[in-house]
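Chains, contacts and geometry: an overview
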Amino acid sequence: MEAQELLGLARKSLPLAYAPYSGYHVAAALLTEAGEVFTGVNVENSSYGLSICAERAAVAAAVGAGQRKFTRLAVVTEGDAPPLPCGACRQVLAEFAPNLHIIVASREEEGQSYLLAELLPHAFVLRAK
Ligand code: THU
């Protein structure tokens, strides 16, 4: 699936974001190696620190459905600046997809592409015993 199509799927999910505190809506669409797409939105909480980012919501949906191999992620907001994944989300993405391609876009623009490895060089890795 092309990046623009994945961005379109993320944009479709944007109205589902629950962000009454920040007013900043984020949606993510995660493409699996098998071609399946899992979406996620940010889900805020009145106890602010419990809020969940859209990217991690998408990862949780995919992993909960048995999918762990990801090739591409699209993230969108309606804001002016493209929504680069926060540091916590970068680390969570690196757990499953160190070679992930990420496209971020605001409003109607085409989007900017990054590699996860350039956004999070030297990610923490713990070798399971
Ligand atoms: N947020 C995301 O969904 N993804 C990110 O990578 C950064 C921030 C959300 C969390 C919170 O609901 C809102 O954006 C403002 O921080």
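Note that the structure is predicted; figures quoted are calculated from it, not measured. (Residues numbered from 1 in each chain as written. Predicted model: local features only at pLDDT ≥ 70, side-chain atom pairs only at ≥ 80, totals over all residues. Heavy atoms only, no water.)

**Digging into the layout of surface pockets**
Each pocket or cavity is described by its volume, and for the largest pocket that value is around 160 Å³. In terms of lining residues, the largest pocket is bounded by 14 residues, among which Tyr24, Val26, Asn42, Cys53 and Glu55 are the most central. The residue makeup of the lining of the largest pocket, split by class, is 10 nonpolar, 2 polar and 2 charged. (1 Å grid on protein atoms, 1.4 Å probe; cavity = no way out; pocket = protein on both sides within 12 Å on 5 of 7 lines; lining within 4 Å. Points joined across faces, edges and corners; volume = space filled by probe spheres on them. Nonpolar A, V, L, I, M, F, W, Y, C, P; charged D, E, K, R; others polar.)

**Observations concerning the side chain of arginine 90**
Within the secondary structure, arginine 90 sits in helix 3 (residues 87-96). Buried charged residue arginine 90 carries no salt bridge. Nearest counter-charge: glutamate 55, at 7.6 Å. (Helix = DSSP H or I, 4+ residues; strand = E, 2+ residues; numbered from the N terminus. Buried < 20%, exposed > 50% of the residue type's maximum accessible area, 1.4 Å probe, protein only. Lys, Arg positive; Asp, Glu negative; His and termini not counted. Salt bridge = Lys/Arg side-chain N within 4 Å of Asp/Glu carboxyl O.)

**Observations regarding the site of the ligand**
Around the ligand sit Ser22, Tyr24, Val26, Asn42, Glu44, Cys53, Ala54, Glu55, Leu84, Pro85 and Cys86, and those are all the residues in its vicinity. A distance of 2.9 Å separates an oxygen atom of the ligand from a polar atom in the backbone of alanine 54. Within the complex, 76% of the 370 Å² of free accessible area of the ligand lies under protein. Applying the majority rule of atoms within 2 Å of the grid points places the ligand in the largest pocket. (Near = heavy atom within 4 Å. Polar contact = N/O pair within 3.5 Å; in protein donor to acceptor, adjacent residues only side chain to side chain. Areas by Shrake-Rupley, 256 points an atom, 1.4 Å probe, with all protein chains shown as cover. Sits in = over half its atoms within 2 Å of the grid points.)

**Let's talk about the sheet that holds strand 3 (residues 70-77)**
Taking strand neighbours across the sheet as the criterion, the 5 strands line up as 2-1-3-4-5 in an open arrangement whose pairing is mixed. The open sheet has two edge strands with one neighbour each: strand 2 (37-41) and strand 5 (112-115). Strand-to-strand twist across the sheet, computed as the mean angle between neighbouring axes with direction ignored, equals 20°. Taken together, the 4 bridges between strand 4 (residues 101-106) and strand 5 define a ladder with antiparallel strand orientation. Within strand 5, the position partnered with histidine 101 by the bridge is leucine 115. Of the strands in this sheet, strand 1 (26-32), strand 2, strand 3 and strand 4 are in contact with helix 1 (residues 3-13), which crosses strand 3 at around 50°. Sheet strands touched by helix 2 (residues 54-64): strand 1, strand 2 and strand 3. Its angle to strand 2, the strand with the most contacts, is close to 140°. (Pairing = 2+ DSSP bridges. Axes fitted to C-alpha atoms, helices over the stretch in contact; angles between N-to-C directions. Contact = heavy atoms within 4.5 Å.)

**Considering the packing of aromatic side chains**
Under the defined criterion, the tally for this structure stands at 2 aromatic pairs. An angle of 40° between the planes, with centres 5.5 Å apart, marks the rings of tyrosine 21 and tyrosine 48 as tilted. Pair noted here: tyrosine 21 is in the loop between helix 1 and strand 1 and tyrosine 48 is in the loop between strand 2 and helix 2, with a separation of 27 residues, a long-range link. Of the residues examined, tyrosine 21 reaches a relative accessible area of 40% and is grouped as partly exposed. A ring pair is formed by phenylalanine 70 and phenylalanine 96, whose centres lie 6.1 Å apart and whose planes are at 70°; its orientation type is edge-to-face. Here phenylalanine 70 is found in strand 3, whereas its partner phenylalanine 96 is found in helix 3, with 26 residues between them in sequence. (Phe/Tyr/Trp six-rings, centres within 6.5 Å; stacked < 30°, edge-to-face > 60°.)

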